[in-house]
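What follows is the residue order along each chain.
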Amino acid sequence: MGINWPILIGTILLEIIIIFGVSAVLQAKERHAGSESFIKSNRNMPMVAVAATQALTCLGGGHILGMTSASWDFGVAACWYAVSSAFMLIILFCFTGPWVRRFGFTTIGQAFEKIFDRRTAILVGCVGAGTIWGIMTLELQGVGSIISAITSGSLVIGCVVGGIIAILYVIFGGMKQVGWVNVINAIFMYLGVIVALALLGSKLPHGWAGVNEFYQSNGMDFMLQIKSTPEIWKVYILGTFLSGLFYVPIGPQAAQVSASAKSVNSLKKAVFIAVPLNTIFGMIMVAFSMAALTMPELANMGAPPFIAMFVMLIELMPWWLTAWLFAGFAAAMLSTIAVQLLALSTIIVDDIYIRYYNHNMSEKSKMKMLRWLIIIIGVGATATSTALPPVQNAIVWLFAWLLPAFWIFVFAMFWKRSSFAGFWTIIVTGVVNILWSYTSLPTMLGLDGNNNSIAMFVVALVACIILTAVDKNAKPPMVKVYKENKFDVISEDLAEHYKAIGYKG
């Protein structure tokens, strides 16, 4: 298959038009927007933009590459990743997100310093920054894979094109730009996959009934069962479910989007949009991929399952619909990259440079530094993604690193705030994750497979409970302190905003 120019041009052009169109409108409305607008949309992002941004940030390579690959091994059990995504969004919109918004902090480092202490904040911030970098490289590989499938060319070129578009996605208007681009892209993408799902049934040799018949007649009935088998639960479902469930609600990118929301109420309402759409999208990806496996020429092509799925769509769908689909797939990954770029740039500027080196940084200098960091980090992540082998299955491993931070947050909110427990739980679980990744420990425990998150979940709970219980210097829970006097715990800029409008709490 040679370069499919109509699909390639359509895919890239659609994203460029949306990005520059939104940027032009925002520039016309806010010619002198400052860093508060750039970093967190002046804390005024409406519900629909919050829903679209959190949904697309959580929806990327894991759904489009990971789930499709897993479905060739485990069938519809791959949908448990989508189910996990639904529950993690519920936790995010109804628990961690509202509290981040109430506290007024933009980064998890800022929040954890107020809740615990500076050393715990630095440690959690470093782990969070590491996950950001890893996720960006994976998502860039995803965009590169889409472009590579269209062109039958180099993954490297695809990654470079993806990196350029990702930088454009965020560099002009920051969070406000990302939010409104995501609203358009979300509508565009979900409509595209639904249209494709309806049309694909008429294009498959024997329709969707033929797909079911293929698995039943080849002794693979388990591939059609969401309850799956005990072995698949052990090697795939449990680890996959736990990783996303407890990473995303505490992830740096999720915190920054939550901090940008217009209100706590807008966050809670957003759950009704983001959750069903993310779940449905993931299940459609599994349907596409399992249909591709029934075609011998695709099943035996020697390429990863997601490439086979891309080729199927190119061959069976009209070019305009394929361009529509691929632009939507790219948008899901580009949104994730864009928010990660902004989150990591914010951490470097607010939590490191201004905090330790330049307390009185001017607004103009801050905006310039943020934009240069977005470019530098974007170029660095793109270069890294081209140098690594395809690592689409690493997303669950990455998620596991920050999973313990969720639990130390939960205990600090409702039980006791122990800086001792927070710091050492992150250290202990980090060591466990390294041992789990690079030794035969999983085999010794009979937990081979994608199960880092199981180990991190168990060790984090045990360590946090024991270390918090024995800490005689632990402080009262954060919820109690907030209810007694919120001005003791909220960020300085939020406190100043409340005082300026005469709000006393």
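Residues numbered from 1 in each chain as written. Predicted model: local features only at pLDDT ≥ 70, side-chain atom pairs only at ≥ 80, totals over all residues. Heavy atoms only, no water.

Participant: Got a minute to help me understand empty space enclosed by the protein in this structure?
Facilitator: Any empty space left between atoms is shown by rolling a water-sized probe over those atoms. Enumeration over the complete set of coordinates arrives at four cavities of 30 Å³ or more. What the largest cavity holds in volume is close to 120 Å³. If you tally residues by element for the lining of the largest cavity, the top one is helix α4 (residues 61–74), at three residues. In the lining of the largest cavity, the residues fall into eight nonpolar, eight polar and one charged. Within this model, the second largest cavity holds a volume of roughly 60 Å³. Taken together, Thr96, Val100, Phe103, Ile108, Ala111, Phe112, Pro249, Ile250 and Phe409 form the lining of the second largest cavity. Counting only elements with at least two residues in the lining of the second largest cavity, the list comes to α5 (79–103) and α6 (108–115). Each residue belonging to the lining of the second largest cavity can be placed in one class, and the counts come to eight nonpolar, one polar and no charged. (1 Å grid on protein atoms, 1.4 Å probe; cavity = no way out; pocket = protein on both sides within 12 Å on 5 of 7 lines; lining within 4 Å. Points joined across faces, edges and corners; volume = space filled by probe spheres on them. Helix = DSSP H or I, 4+ residues; strand = E, 2+ residues; numbered from the N terminus. Nonpolar A, V, L, I, M, F, W, Y, C, P; charged D, E, K, R; others polar.)

Participant: I keep staring at the packing of aromatic side chains and nothing clicks. Help me out?
Facilitator: By convention here, two paired aromatic rings are described through the distance between centres and the angle between planes. Scanning the entire structure with this criterion turns up 33 aromatic pairs. For the pair phenylalanine 214 and tyrosine 215, a centre-to-centre distance of 5.1 Å together with 90° between the ring planes defines the contact as edge-to-face. Its relative accessible area of 0% is what places tyrosine 215 among the buried residues. Here the aromatic residues Phe95, Phe112, Phe116, Phe246, Phe406, Trp407, Phe409, Phe414 and Phe457 are joined through ring pairs into a cluster of three or more. Positioned over the ring face of phenylalanine 423 is arginine 119, at 4.0 Å from the centre of the ring. (Phe/Tyr/Trp six-rings, centres within 6.5 Å; stacked < 30°, edge-to-face > 60°. Buried < 20%, exposed > 50% of the residue type's maximum accessible area, 1.4 Å probe, protein only. Lys NZ or Arg CZ within 6 Å of the ring centre and 35° of its normal.)

These figures come from the coordinates and say nothing about function on their own.
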